Amino acid sequence: MKKIEAIIRPEKLEVLRQQLEKVGYPGMMVTKIEGHGKQGGVTHQFRGTEYKTSFLPKVKVELVVTDSQAKKLIDTITEVCRSGSVGDGKIFIASVDNAVRIRTGESGDIAVS
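Residues numbered from 1 in each chain as written. Predicted model: local features only at pLDDT ≥ 70, side-chain atom pairs only at ≥ 80, totals over all residues. Heavy atoms only, no water.

## Some remarks on the layout of surface pockets
Summary: where empty space remains is shown by rolling a probe the size of a single water molecule over the atoms. Considered as a void within the structure, the largest pocket measures approximately 320 Å³ in volume. Lining the largest pocket are 16 residues, with His36, Gly37, Gln39, Gly89 and Lys90 positioned closest to its centre. Listed by contribution, the elements that provide at least two residues to the lining of the largest pocket are β2 (29–35) and β6 (89–95). Of the residues belonging to the lining of the largest pocket, the class tally is four nonpolar, seven polar and five charged. (1 Å grid on protein atoms, 1.4 Å probe; cavity = no way out; pocket = protein on both sides within 12 Å on 5 of 7 lines; lining within 4 Å. Points joined across faces, edges and corners; volume = space filled by probe spheres on them. Helix = DSSP H or I, 4+ residues; strand = E, 2+ residues; numbered from the N terminus. Nonpolar A, V, L, I, M, F, W, Y, C, P; charged D, E, K, R; others polar.)

Here it is, written out as structure tokens:
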């Protein structure tokens, strides 16, 4: 199993949710976060005064999937969330040893299917 963590722009969340549903994966965990990458934030002007916003709003989408689903879902996330501009985000993939569905006690791949 794999855990996919995608850090994306907030405005891409609803489109991503719909596309993941279309490819057969409706379950996800979503967390609102703030951060910055190489760009280090953005500079704004307000009433002639310049100020810098160091941390930008982002959304972290987490999925735990079987190994066979991982590539398709990573490709879907990349396709939906890529604009070609700085700040599109990142995807992190980690191995998961086991998962247990609390309600039934099922474990392994069947618990995340």
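## Details of the nonpolar core
Counting residues in hydrophobic clusters, the biggest one holds 16 residues, and the most contacted among them are Ile4, Ile8, Leu16, Leu63, Val65 and Ile77. Among the secondary structure elements, those contributing two or more residues to this core are β1 (2–8), α1 (13–22), β5 (56–65) and α2 (67–81). Of the residues forming this core, the biggest block, six residues, is contributed by α2. Beyond its immediate chain neighbours, meaning those up to four positions away, Leu16 contacts Ile8, Val61, Ile77, Val80 and Cys81. In this structure, Met1, Val64, Ala99 and Val112 belong to the second largest nonpolar core, which totals five residues. (Core = buried A, V, L, I, M, F, W, Y, C linked by side-chain atoms within 4.5 Å. Buried < 20%, exposed > 50% of the residue type's maximum accessible area, 1.4 Å probe, protein only. Contact = heavy atoms within 4.5 Å.)

## Considerations on the confidence of the model for the protein chain
Model confidence for the protein chain is summarised by a mean pLDDT of 91, while 98% of its residues fall at 70 or above. Looking over the protein chain, one finds the lowest element-wise mean pLDDT in strand β3 (residues 42–46), namely 72, and the highest in β1, namely 97. (pLDDT = per-residue confidence, 0-100.)

## Observations concerning the packing of α1 against α2
It is the contact of α1 with α2, at a shortest axis distance of 10 Å, that shows an interaxial angle of 145°. Considering the relative orientation of α1 and α2, their crossing is right-handed. Taking contact as the criterion, the partners of Val15, Leu16, Gln19 and Leu20 in α1 are, on α2, Leu73, Thr76, Ile77, Val80 and Cys81. (Axes fitted to C-alpha atoms, helices over the stretch in contact; angles between N-to-C directions. Left-handed = near helix turned anticlockwise from the far one by under 90°.)

## Focus on the pattern of salt bridges
Side chains that carry opposite charge are capable of pairing whenever their charged atoms lie near each other. If you walk through the whole model with that rule in mind, you get seven salt bridges. A salt bridge links Asp88 to Arg9, with the nearest nitrogen and oxygen atoms 3.1 Å apart. Of this pair, Asp88 sits in the loop between α2 and β6 while Arg9 sits in the loop between β1 and α1, placing them 79 residues apart in sequence. On the basis of relative accessibility, which here comes to 15%, the residue Asp88 falls in the buried class. Linking Asp75 and Lys71 is a salt bridge whose minimum nitrogen-to-oxygen distance equals 2.9 Å. Of the two residues, Asp75 and Lys71 both sit in helix α2, four residues apart, roughly one turn of that helix. By relative accessible area, Asp75 is classed as partly exposed at 37%. What you see here is one network of salt bridges that share partners, running through Lys3, Glu5 and Glu62. (Salt bridge = Lys/Arg side-chain N within 4 Å of Asp/Glu carboxyl O.)

## So, the pairing of β5
Summarising burial for β5: eight of the ten residues are buried, a large majority. As paired strands, β1 and β5 are joined by seven bridges and run antiparallel to one another. What sits directly across from Lys2, in β5, is Val65. Sheet topology note: the β2/β5 ladder contains seven bridges and is antiparallel. Residue pairing for β5: Lys32 is matched across the bridge by Val59. (Pairing = 2+ DSSP bridges.)

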